[in-house]
Amino acid sequence: MIEAMTYKKNGITIDVGDILPFNGGAYVTSIYKPHSTARWYIKYQPFQSEYGGNWQAARIVARLQHMGFVT
């Protein structure tokens, strides 16, 4: 697995420690790419849940763009 501190795509930058504005907020805990795939993933911990999750980084960027976020 390869890990990173920052993911950049289409004018949006996501860093470890950022807060994503989904479902009451979620803290970015890691950005990684498994060796078995070319896709980057973002692992997050929602504020309102004890269960974390992960999602493809490109999908998170697309959702942020749809919400009007640009950095």
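You'll find the structure just up there.
On a predicted model such as this, the values are computed, not experimentally measured, just so you know. (Residues numbered from 1 in each chain as written. Predicted model: local features only at pLDDT ≥ 70, side-chain atom pairs only at ≥ 80, totals over all residues. Heavy atoms only, no water.)

Trainee: Looking at this structure, I do not really get the nonpolar core. What am I missing?
Mentor: Nonpolar side chains in soluble globular proteins tend to end up buried together. Counting 13 residues, the largest nonpolar core has I14, L20, V28, I42, I60 and L64 as its most contacted members. Of the residues forming this core, the biggest block, four residues, is contributed by helix α1 (residues 57–66). With residues up to four places along the chain from it excluded, the contact list for I42 reads I14, V28, S30, I31, G53, N54, W55, A57 and I60. (Core = buried A, V, L, I, M, F, W, Y, C linked by side-chain atoms within 4.5 Å. Buried < 20%, exposed > 50% of the residue type's maximum accessible area, 1.4 Å probe, protein only. Helix = DSSP H or I, 4+ residues; strand = E, 2+ residues; numbered from the N terminus. Contact = heavy atoms within 4.5 Å.)

Trainee: I'm lost on the packing of aromatic side chains in this one. Help?
Mentor: Note on aromatic pairs: each is described by the distance of the centres and the angle between the planes. On inspection of all chains with the given rule, the structure shows one aromatic pair. Consider the rings of Y32 and Y41, whose centres lie 5.9 Å apart with planes at 20°: the pair is stacked. A cation over a ring is seen here: R63 above F22, with NZ or CZ 4.1 Å from the ring centre. (Phe/Tyr/Trp six-rings, centres within 6.5 Å; stacked < 30°, edge-to-face > 60°. Lys NZ or Arg CZ within 6 Å of the ring centre and 35° of its normal.)

By themselves, these are just geometric observations and shouldn't be taken as functional.
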